[in-house]
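# Geometric and topological summary
Each chain, letter by letter, is given below.
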Amino acid sequence: TANNLANMTTAGFKADRLVMKPLSERPAAAASTPAEIAFVDAWRLQRDMTAGPIERTGGALDAAIDGDGFFMVQTPQGPAFTRDGRFVLDAGGQLTTRQGHPVLSGGGPLTLDPAGGEVAIAADGSITQEGQSVGRLDVMAFDQPAALEKLGDNFWRPVDQAPRAAEAYRVVGGAVEGSNVNAISEITQMIEISRAYESVSKMIGQSDELRAASIDKLARVG
C-alpha cells in the first residue's frame, strides 16, 4: 500500500494487490458462537494491470499505449518491458528510456538525428522524422500480463511465457500513461491497516498486562 501511494504519479505504474489464502489450521476458538475462528495468511502480490489515464504532455518523444501491450527495451539483464513512454534521445541519437536503456524497434535500437527536424509517432508505433520513416516501436503483449515479474524502475520481465506482437492497441504520441493507483482507495486501505495494527498492538499489551498480574498474584500466594 505504501509503495502504491509512493508511485501515484509514476508514469505507467501498475498497483500491487495483496492476495490472501485461508489457513487450514484452527489455532484459536471463541467461547461464544461461532466458536471457530478462521485465519488467513499473505499469499502473494498480484498486479493490477488495468490501464492508467492517458495524459497529454506535448513531448515529441513521449508515447502512451492505449490498449494491450508494452514497449520493449534493452537492459543489461536482457529485454524488458514497460508502459512508461517518457522517452529521450541520448548523445548518439538513440531513443532511450529515462534510465538510458535503448528502446527497441525491430529487435534493435532506434536512432534519430538529434539535429534533425520534427519527430512524429503514429498510432501503429511507427516513427517519422521530417516525414521520413526511421523505425517502429516494438509493442509486445503477453497472454498473462499479471504474471509478469517486476524488475524495478518500472520494468517487467516474463516468467514462463513468451512475448508476442500486440494487436489490440493504439500508440498515442505526445502523451504518457499515468499511474493506475486510486489515491482514495489506497489512503482508505492505509487507514484500515493502521487501525488494525493499533488494535492488535493494544490486544498484545493487554495480554502482557494480564500475564504480569497473574504472575504477581501467584507469587503472593506462594
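What comes next concerns the included structure.

### Focus: the overall build of the protein
- Counting secondary structure elements, the protein contains two helices and 19 strands.
- For 222 residues, the compact-globule estimate of 2.2 N^0.38 gives 17 Å, and the protein exceeds it by more than 25% at 26 Å.
- If one aligns the C-alpha atoms of the protein with their principal axes, the spans along those axes are about 95 × 30 × 30 Å.
- Among the 222 residues that make up the protein, the fraction classed as buried is 33%.
- A separation threshold of at least 6 residues defines the contact pool for the protein, and within that pool the share at least 24 residues apart is 61%.
- When the accessible surface of the protein is totalled, it reaches about 13,300 Å², and 53% of it is carbon and sulfur.

### Quick notes on the sheet that holds strand β13 (residues 132-136)
- Pairing is antiparallel across the open sheet formed by three strands, whose spatial order is β11-β12-β13. The two strands at the open ends of the sheet, each matched to only one other strand, are β11 (119-121) and β13. The mean inter-strand angle of the sheet, taken between neighbouring strand axes irrespective of direction, is 25°.
- Direction of pairing for strand β12 (residues 126-129) relative to β13: antiparallel, over a ladder of four bridges.

### Digging into empty space enclosed by the protein
- As enumerated under the stated definition, the model contains one cavity of 30 Å³ or more in all.
- D84, R86, T97, R98, Q99, D153 and F155 are the residues that line the largest cavity.
- Residue composition of the lining of the largest cavity, grouped by class: one nonpolar, two polar and four charged.

### Points about the pairing of strand β6 (residues 78-82)
- Across the five residues that make up β6, a large majority, four, are buried.
- Here strand β5 (residues 70-75) hands over to β6 after two residues, the two strands then running antiparallel side by side.

### A short note on helix α2 (residues 183-221)
- Spanning 39 residues, α2 covers 57 Å between terminal C-alpha atoms, matching the ideal 57 Å at 1.5 Å per step.
- The distance from a side-chain oxygen at the start of α2 to the backbone nitrogen of I184 is 3.2 Å, and the residue carrying that oxygen is N182.

### A few points about the pattern of salt bridges
- Applying the stated criterion across every chain yields a total of 12 salt bridges.
- Here R170 makes a salt bridge to D66, at a shortest N to O gap of 3.0 Å. Of the two residues, R170 is situated in strand β18 (residues 169-173) and D66 in strand β4 (residues 63-67); the sequence distance between them amounts to 104 residues.
- A relative accessible area of 41% means that R170 is categorised as partly exposed.
- For the salt bridge of R157 with E149, the shortest nitrogen-to-oxygen distance reads 2.9 Å.
- A residue is classified by how much of its surface remains accessible, and E149, at 31% relative accessible area, is partly exposed.
- Ionic contacts of the salt-bridge type, sharing partners, join the residues K14, R83 and E177 into one network.

### Concerning the side chain of H101
- Here H101 shows up in the loop between β8 (95-96) and β9 (104-105).
- Of the residues examined, H101 reaches a relative accessible area of 17% and is grouped as buried.
- Dropping the residues within four chain positions of it, H101 is found in contact with Q74, T75, P76, L95, T96 and F155.

### Notes on the environment of L218
- Secondary-structure assignment places L218 in helix α2.
- What makes L218 exposed here is its relative accessible area of 62%.
- With 49 residues separating them along the chain, L218 and Y169 place their C-alpha atoms 73 Å apart.

Conventions we followed
Residues numbered from 1 in each chain as written. Predicted model: local features only at pLDDT ≥ 70, side-chain atom pairs only at ≥ 80, totals over all residues. Heavy atoms only, no water. Helix = DSSP H or I, 4+ residues; strand = E, 2+ residues; numbered from the N terminus. Rg over C-alpha atoms; globule rule 2.2 N^0.38 Å. Buried < 20%, exposed > 50% of the residue type's maximum accessible area, 1.4 Å probe, protein only. Contact = heavy atoms within 4.5 Å. Areas by Shrake-Rupley, 256 points an atom, 1.4 Å probe, with all protein chains shown as cover. Pairing = 2+ DSSP bridges. Axes fitted to C-alpha atoms, helices over the stretch in contact; angles between N-to-C directions. 1 Å grid on protein atoms, 1.4 Å probe; cavity = no way out; pocket = protein on both sides within 12 Å on 5 of 7 lines; lining within 4 Å. Points joined across faces, edges and corners; volume = space filled by probe spheres on them. Nonpolar A, V, L, I, M, F, W, Y, C, P; charged D, E, K, R; others polar. Expected span 1.5 Å × (residues − 1). Polar contact = N/O pair within 3.5 Å; in protein donor to acceptor, adjacent residues only side chain to side chain. Salt bridge = Lys/Arg side-chain N within 4 Å of Asp/Glu carboxyl O.

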